[in-house]
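In case you want the letters, here they are:
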Amino acid sequence: MVGVSLPAVPALAGTGGAAYGEGEPGVTASPAPQGPLTVRGSRLVKRKLRVAGVLSGVPAGTQVAVQRLDPRRGWLTEATVPTAADGSFVASFAPRSSGRGQLRAVPAGVGPGAQAATAPPAQPLTVFRPATATFFGPGLYGRTTACGQRMTRTLQGVAHRRLPCGTQVELLFRGHTITVPVVDRGPFKDGVSWDLTWATAQALGMQETATIGAVSIRP
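Parameters at a glance
Residues numbered from 1 in each chain as written. Predicted model: local features only at pLDDT ≥ 70, side-chain atom pairs only at ≥ 80, totals over all residues. Heavy atoms only, no water. Pairing = 2+ DSSP bridges. Helix = DSSP H or I, 4+ residues; strand = E, 2+ residues; numbered from the N terminus. Buried < 20%, exposed > 50% of the residue type's maximum accessible area, 1.4 Å probe, protein only. Axes fitted to C-alpha atoms, helices over the stretch in contact; angles between N-to-C directions.

Focus: the sheet that holds strand β10 (residues 158-159)
Step number 1: The strand order β9-β13-β10-β12-β11-β14 describes a closed barrel built from 6 strands, whose pairing is mixed.
Step number 2: Sheet topology note: the β10/strand β13 (residues 194-197) ladder contains 2 bridges and is antiparallel. Residue A159 lies in a different strand from β13, and its bridge partner there is D195.

So, in structure tokens, the structure goes:
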């Protein structure tokens with residue numbers, strides 16, 4: 001179970017029924033208090049994340065949009081739910097794509113003029129793609145990998161069939177994460193997507209072939 005917290009955006013004056021980012025410009029922010037947003041879930045693509053938080057000082061039924069930042073399409077609304085009488089809300093959604101991004105909660109229906117003035121620091125969120133992984137190392141120490149590195153007990157990295165050597169890859173296994181480079185080619189077994197060096201597997205606590213989460217990091 002993963003837990004993170006971040007402030008939700010303050011309530012905004014002049015909200016309507018349009019999605020966040022639509023409507024008339026020039027909307028200004030009201031000084032409503034902020035509440036925390038908590039996110040729990042596996043962080044795997046197509047697996048549900050549960051989002052809960054509080055927007056203090058807003059009427060019951062205020063619509064809250066939980067949004068995830070897409071690097072190409074901007075902020076996308078993943079779920080919209082009403083607040084309870086105390087301003088609390090609970091939503092869930094299954095991320096549709098993997099990758100590094102950000103997550104925030106905003107009152108739905110504000111115009112683009114308010115967006116620039118009120119956008120808070122968003123919570124980083126990495127969504128991983130599940131894949132089968134093995135590990136390698138023992139018996140190969142001292143040899144040179146396909147990426148030109150010397151294989152040792154302490155070398156951290158992964159083997160992949162297509163990603164360029166040196167590509168950074170973030171891995172997730174049972175709540176532990178690590179970011180390592182591509183250092184070799186492989187794996188060459190059907191149904192296996194990643195081959196971790198022994199040091200990488202040990203850092204994640206992986207003792208045998210397993211399903212992990214993985215995402216390559218674009219520069």
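Picking up where we left off.
Some remarks on the pairing of strand β14 (residues 210-216)
Step number 1: Summarising burial for β14: 5 of the 7 residues are buried, a large majority.
Step number 2: Here 5 bridges tie strand β9 (residues 129-136) to β14, and the two strands are oriented antiparallel to one another. Directly across from A131, in β14, lies its bridge partner I212.
Step number 3: Here 4 bridges tie strand β11 (residues 168-173) to β14, and the two strands are oriented antiparallel to one another. From the neighbouring strand, L171 faces β14, where its bridge partner is A214.

As for the sheet that holds strand β4 (residues 63-70)
Step number 1: Read across the sheet, 4 strands follow the order β5-β4-β7-β8 without closing on themselves; strand pairing throughout is antiparallel. The two strands at the open ends of the sheet, each matched to only one other strand, are β5 (74-82) and β8 (123-127). Strand-to-strand twist in this sheet, taken as the mean axis angle between neighbours without regard to direction, amounts to 30°.
Step number 2: Here strand β7 (residues 99-107) pairs with β8 via 5 bridges, running antiparallel. What sits directly across from Q102, in β8, is P124.

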